[in-house]
Amino acid sequence: MSPDQSPTARSIITPVLDFSDHSEYNILTLLDDLAGVEGEVICIFNSPEVFERLKDHPRITRFCYNSQNAGVARSWNLGVNLAEGRALHIMNADMHVEPEAVLELERWLFGLEKAVMVGPQGSILDFKEMKPQRYFQKGQFDQAVRTHDVSGFWFCLNHQLYLQHKLAFDIRYSPCQFEEWDMGLQIIQAGLACYTVPVQGFEHHWGVSADSGDRVINYFGRDVVLGRVYAENRRKFQQKWQELFKRL
């Protein structure tokens, strides 16, 4: 069933690896938050510990269990493939969200010109220096801004436009880093738009994204060093988009 024919207004997609020891928020508190939000909840479980504890949770509509950590891009793709909603919310497990904020994000998504992706935080990028030129953070701006990306801890996709333009998160950036930048450029190439919008009803504390380069994460059964992953994915990103950089 296509998104425009689906009876489901929204799908909330959440990859889950652990219980977010770095934060007071985790998948359990997020599921409590989502008790007040209509729509399907789809969990992508990337560890057996969390899967065994939550596989029968009443708020989870459907799930995918990966026997090994599949990384960010693959998990997001899996969630999208399982979703039927008109609006697709991608949410980190380590965040708190208020029901009104979910509705507000969708109003921006379906009200802004050519919008296929919106989020409450995002950036305008300097592709020459490979860093954010300006970062829009909660409480520091008061109108929608057309940006190159949105932060990956929470964003919303127009499912119909996403499928129509054959968008997908590039798994070559697995296990993490540069997925959001890459999707922003895919959207630009498709003649669509990405916006950062002033929604404030959420809380989130940075996890892996704020870790030092020597952090080790397990991906598909092997240990990888975060700093090396970042350097390799930076190279892949520059190589993939070098012709577009010249035009931006």
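Refer to the structure presented above.
**Student:** How should the packing of aromatic side chains be read in this particular structure?
**Tutor:** For any pair of aromatic rings, geometry is given as the distance between the ring centres together with the angle between the planes. Evaluated as defined, the whole model comprises 19 aromatic pairs. Ring centres 4.9 Å apart and planes at 65° place the aromatic pair Trp76 and Phe169 in the edge-to-face group. A residue pair is termed long-range when its members are at least 10 positions apart, and Trp76 in helix H3 (residues 72-82) and Phe169 in the loop between helix H5 (159-164) and helix H6 (179-189) qualify at 93 residues. Take Trp76: its relative accessible area is 4%, and that puts it in the buried class. Between Phe237 and Phe245 the ring centres are 5.7 Å apart and the planes differ by 45°, which places this aromatic pair in the tilted class. For the residue pair Phe237 and Phe245, the accessibility class agrees, reading buried in each case. Through pairs of rings, three or more aromatic residues link up here, namely Phe127, Phe178, Trp181, Tyr230, Phe237 and Phe245. The side chain of Arg53 reaches across the aromatic face of Phe19, ending 4.9 Å from its centre.

**Student:** Please clarify how the sheet that holds strand S4 (residues 87-91) should be interpreted in this entry.
**Tutor:** The strands making up a sheet associate through backbone hydrogen bonding, with each pair oriented either parallel or antiparallel. Reading across from one edge, S3-S2-S1-S4-S11-S6-S12-S9 is the order of the eight strands in this open sheet, with mixed pairing throughout. Edge positions in the sheet fall to strand S3 (62-65) and strand S9 (145-146), since each has one partner strand and no second. Those strands touched by helix H4 (residues 99-111) are strand S1 (10-16), S4, strand S6 (115-119) and strand S11 (154-158), and its axis lies near 45° from that of S11.

**Student:** Hey, could you run me through the pattern of salt bridges in this one?
**Tutor:** Two side chains of opposite charge can pair, provided their charged atoms sit close to one another. For the structure shown, the criterion picks out 10 salt bridges. In this structure, Glu106 engages Arg10 in a salt bridge whose closest nitrogen and oxygen atoms are separated by 2.5 Å. Residue Glu106 is found in helix H4, and its partner Arg10 is found in strand S1; the two are separated by 96 residues along the sequence. Arg10 carries the same exposure label as Glu106, and that label is buried. Between Arg107 and Glu100 there is a salt bridge, with its nearest N and O atoms 2.5 Å apart. A single salt-bridge network, built from bridges that share partners, covers Asp170, Arg172, Asp182 and Lys240.

**Student:** I would appreciate a short explanation of the sheet that holds strand S10 (residues 149-150) in the present structure.
**Tutor:** Here we have three strands laid out as an open sheet, ordered S8-S7-S10, and antiparallel in their pairing. Each end of this open sheet is capped by a strand with a single partner; those strands are strand S8 (131-136) and S10. Examined bridge by bridge, strand S7 (residues 122-126) and S10 share two bridges and lie antiparallel to one another. What sits directly across from Gly122, in S10, is Val150.

**Student:** I keep staring at the environment of Val16 and nothing clicks. Help me out?
**Tutor:** As for its position among the elements, Val16 is in strand S1. For the pair Val16 and Ile44, spaced 28 residues apart in sequence, the C-alpha to C-alpha distance is 5.9 Å. Beyond its immediate chain neighbours, meaning those up to four positions away, Val16 contacts Ile27, Cys43, Ile44, Phe45, Asn46, Ser47 and Val50.

**Student:** Which parts of the structure should I look at to understand the nonpolar core?
**Tutor:** Side chains of a nonpolar character, in soluble globular proteins, are inclined to be buried together. If you look at the biggest cluster of nonpolar residues, it comprises 34 residues, and the most contacted ones within it are Ile27, Met91, Val97, Val118 and Trp154. A per-element tally of this core places H4 first, with four residues. If near-sequence neighbours (up to four positions away) are discounted, Met91 is found in contact with Ile12, Ile13, Thr14, Pro15, Leu30, Leu34, Val97, Val102, Phe153 and Trp154. Counting residues in hydrophobic clusters, the runner-up holds 23 residues, among them Val80, Val116, Leu161 and Phe169.

**Student:** It is not clear to me how helix H7 (residues 226-247) should be interpreted in this structure. Could you clarify?
**Tutor:** The periodicity of an α-helix, 3.6 residues per turn, causes residues three or four places apart in sequence to face the same way. For H7, built from 22 residues, the straight-helix expectation of 32 Å at 1.5 Å per residue is met to within 8% by its first-to-last C-alpha distance of 31 Å. The sharpest bend along H7 measures roughly 65° and falls at Trp241. Buried-residue contacts for H7 involve H6, strand S14 (216-219) and strand S15 (222-225).

**Student:** What's the story with unusual backbone geometry in this structure? I'm lost.
**Tutor:** Excluding glycine, most residues fall at negative phi; most peptide bonds, likewise, are trans. A cis amide bond links Ser174 with the next residue in sequence, Pro175, at an omega value of 5°. Looking at where Pro175 falls in the secondary structure, it is placed in the loop between H5 and H6. Of note, the phi angle at Phe178 is positive, near 80°, even though the residue is not glycine. As for its position among the elements, Phe178 is in the loop between H5 and H6.

Parameters at a glance
- Residues numbered from 1 in each chain as written.
- Predicted model: local features only at pLDDT ≥ 70, side-chain atom pairs only at ≥ 80, totals over all residues.
- Heavy atoms only, no water.
- Phe/Tyr/Trp six-rings, centres within 6.5 Å; stacked < 30°, edge-to-face > 60°.
- Helix = DSSP H or I, 4+ residues; strand = E, 2+ residues; numbered from the N terminus.
- Buried < 20%, exposed > 50% of the residue type's maximum accessible area, 1.4 Å probe, protein only.
- Lys NZ or Arg CZ within 6 Å of the ring centre and 35° of its normal.
- Pairing = 2+ DSSP bridges.
- Contact = heavy atoms within 4.5 Å.
- Axes fitted to C-alpha atoms, helices over the stretch in contact; angles between N-to-C directions.
- Salt bridge = Lys/Arg side-chain N within 4 Å of Asp/Glu carboxyl O.
- Core = buried A, V, L, I, M, F, W, Y, C linked by side-chain atoms within 4.5 Å.
- Expected span 1.5 Å × (residues − 1).
- Bend = angle between axes of the 7 residues up to and from the residue.

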